[in-house]
Amino acid sequence: MAAMVEMRFTLVDYVIFALLLLLSSGIGLYYAFSGGRQRTMQEFLLADRSMSCLPVALSLLATFQSAVAILGVPAEIYTSGTQYWFLGTSYVLGLLIPAHIFIPMFYRLRLTSAYEYLELRFNKVVRLCGTITFIFQMVIYMGVVLYAPALALNAVTGFDLWGAVLTVGLVCTFYTALGGLKAVIWTDVFQTVVMFAGQLAVIVVGAYQAGGIEAVWKKAQEGNRISGLDLNPDPLERHTFWTLGVGGVFMMLALYGVNQAQVQRYLSSRTEKEAITSCYVVFPCQQIVLALGCLMGLVMYARYGEESPLASGYVKAKDQMVLYFVMDVLKDLPGLPGLFLACLFSGALSTISSAFNSLATVTMEDLIKPHFPDMTEYRATLLSKSLALGYGLICLGMAYIASQMGSVLQASLSIFGMIGGPLLGLFCLGMFFPWANPTGAVTGLVAGLVMAFWIGIGSFVSQTVGSDPLPPLNTTALPDTGNMTTVAMTTLVSAVANKARPTGLQHFYSLSYMWYSAHNSTTVVIVGLLVSFLTGPMKEKDVTPGTIYPVLGTLLFFLPERYREKLCCVTTLERRASEPSAQQQLMTQKTSNGNAFCTDEDKAEDEDLERRLGPVCHYTYIVHETAL
């Protein structure tokens, strides 16, 4: 077997990479010293709710497109064919549902943290559980997403490992802490353009060298890499139309529906309509991103065929194949390898900056301000910036821990994905089931997390025992696919050729990773409802106005109204919020978290709504608490 080949960057490549970092820092400095100079919580955490739909949409896309995705998707297509491309079918419902259910709910409640919803719907205990779960999820993931691409880059090119980790980590911390959400969103826009350019350059040059895109497609067909529509309903099959098209919907909801990093971008929009429009704009962009990743994988196959760089011994891990391919294709074109390097780390920067900003937000809004309601605006803003800085340093610490994990790196990646499903289930339990109570919510969340870790760790251990040894220390082990929410879960479930049909508990351990979000969120809902009924379901009068989406009233239209009324599904959100009895319950202002804020456009929306429905209050709430 050939020795691992190491390729080198030129000076031009380093200059292009440096320009990416300088421009990202420059955007942060610009927003630190322009406009309101990040002096208020509204500006630092929510960009003054002033963003238009296009930058928000591109920022949503950049958060989705991590560095791991750029490395993982082409490797998946090269190895297993184009079946993964059918994931694009899940984007339809995966974005329509957030656009018309989650975004209106969160936007009308004028939240800063998505977990404020859990307190409005249930109580402080449920909010705290959701916040801590999210923080645990993001802290573990952000170190890995910084370290893993740097390690792959080091293995293939000799690019200094810790130099890349420290430089990218510190630059990201710098512009996030100084420029706030405006800097994060606009750097995401810039980095999205760089990501598109880097991938497109590799595809164009690679396809040209392979004889054109028709030749690429022909070679892929001859090598059985063009997959047909697989309608096998078996949930144990790793990739089929059903696992990707249906299981992928739940994965998308966990990311675009309830993930704080994305919710915060919706809430930064000028109006609810622009927030919804941004979700629609993301759809074609996501399809383009998916197509670029898949095309790169096909171009790789056209170049190497069955003699992959991994099989030939040129690289030691699957994810390193993409970097090797890039360096091989672009070796005679100075500057283009640097463009792809900038593309790769743009993915890392966008994902990590989103993590810093969202972690600072939930820590401030959910853990600190409730205990210090009289904190001045100046101190609150300063503390938010300090939190963003602190999480940046934690990210570097987590990158070091990831470097010491070896094969456990796979397990740490998987934790991110395993937590997304239970959090989705918790929000769905609150939004769609009026009788769910706080006890049921907490019990359901715990049950969902237990189920997620049981299946995840069980499959990891069972494959470790019954398959080839895991990669040795100091080699990367990135997953095959690259969505921010599910990227980690891929490491747990991989296809094992000629493996016997699993029995007993092996059924659970062999579940396709694409069903993880669906399975775990369903567990939360079922357990939460059972416990709620056993401990006393909530009554309609006890539910905070505006926190229930009236989907049951539509689905159960065939029931007599008296039965639907008992199920709390007769009154719609607008009618319920405008009833005099509900108005009397509402508090005067939600000033404790600094969100009593409305623009002229918001007022115009209110006036229009009041003309149609009577008096409506979008910005005042009752916080109903039920003892756990």
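Below, the structure is looked at part by part.

Focus on the overall build of the protein
And then number 1: The secondary structure content of the protein amounts to 25 helices and 0 strands.
And then number 2: Restricting the contact set of the protein to residue pairs at least 6 apart, pairs at least 24 apart contribute 86%.
And then number 3: On the protein, roughly 23,400 Å² of surface is accessible, and the fraction owed to carbon and sulfur atoms is 65%.

Focus: the pattern of salt bridges
And then number 1: Following the criterion strictly, the structure yields 10 salt bridges and no others.
And then number 2: Put simply, Arg-108 and Glu-272 hold a salt bridge, and the shortest N to O gap is 3.0 Å. Placement of Arg-108 in helix H5 (residues 90-108) and of Glu-272 in helix H13 (residues 272-304) is noted, with a sequence separation of 164 residues between them.
And then number 3: We classify Arg-108 as partly exposed; its relative accessible area is 27%.
And then number 4: The partner of Arg-127 in a salt bridge is Glu-119, with the nearest N and O atoms 2.4 Å apart.
And then number 5: Overlapping salt bridges bring together Glu-119, Arg-127 and Asp-366 as one network.

Quick notes on the packing of aromatic side chains
And then number 1: What the rule picks out here adds up to 24 aromatic pairs.
And then number 2: For the ring pair Tyr-147 and Trp-162, a centre distance of 5.8 Å and an interplane angle of 35° mean the geometry is tilted. Taken together, the residues Tyr-147 in helix H7 (residues 124-157) and Trp-162 in helix H8 (residues 161-210) connect sequence positions 15 residues apart.
And then number 3: Under the relative-accessibility criterion, Tyr-147 is labelled buried at 2%.
And then number 4: Residue Trp-162 is classed as partly exposed on the basis of its relative accessible area of 30%.
And then number 5: Arranged with centres 5.5 Å apart and planes meeting at 5°, the rings of Tyr-314 and Tyr-324 form a pair that is stacked. One end of the pair, Tyr-314, is in the loop between H13 and helix H14 (320-329); the other, Tyr-324, is in helix H14, with 10 residues separating them in the sequence.
And then number 6: Judged by relative accessible area, Tyr-324 falls into the buried class, the value being 7%.
And then number 7: One cation-aromatic arrangement involves Arg-110 over Tyr-107; the distance from NZ or CZ to the ring centre is 5.4 Å.

Quick look at helix H3 (residues 53-64)
Since the α-helix advances by 3.6 residues per turn, residues separated by three or four positions end up pointing in the same direction.
And then number 1: With 12 residues, H3 extends 17 Å from end C-alpha to end C-alpha; this agrees with the ideal 16 Å at 1.5 Å per step.
And then number 2: In terms of burial, H3 is a largely internal element, 10 of the 12 residues being buried.
And then number 3: For H3, the set of buried residues is Pro-55, Val-56, Ala-57, Leu-58, Ser-59, Leu-60, Leu-61, Ala-62, Thr-63 and Phe-64.
And then number 4: Considering only its buried residues, H3 is in contact with H5, H8, helix H11 (247-256), helix H12 (260-267), H13 and helix H15 (336-368).

Things to note about the side chain of Ser-350
And then number 1: On the secondary structure map, Ser-350 appears in helix H15.
And then number 2: Looking at Ser-350, the relative accessible area reads 0%, which means it is buried.
And then number 3: Here the side chain of Ser-350 touches Gly-347 through a polar contact of 3.0 Å, landing on its backbone oxygen.
And then number 4: Those residues in contact with Ser-350, other than ones at most four positions away along the chain, are Ala-62, Thr-63, Gln-65, Asp-188, Gln-191 and Met-195.

Cut-offs and rules
Residues numbered from 1 in each chain as written. Predicted model: local features only at pLDDT ≥ 70, side-chain atom pairs only at ≥ 80, totals over all residues. Heavy atoms only, no water. Helix = DSSP H or I, 4+ residues; strand = E, 2+ residues; numbered from the N terminus. Contact = heavy atoms within 4.5 Å. Areas by Shrake-Rupley, 256 points an atom, 1.4 Å probe, with all protein chains shown as cover. Salt bridge = Lys/Arg side-chain N within 4 Å of Asp/Glu carboxyl O. Buried < 20%, exposed > 50% of the residue type's maximum accessible area, 1.4 Å probe, protein only. Phe/Tyr/Trp six-rings, centres within 6.5 Å; stacked < 30°, edge-to-face > 60°. Lys NZ or Arg CZ within 6 Å of the ring centre and 35° of its normal. Expected span 1.5 Å × (residues − 1). Polar contact = N/O pair within 3.5 Å; in protein donor to acceptor, adjacent residues only side chain to side chain.

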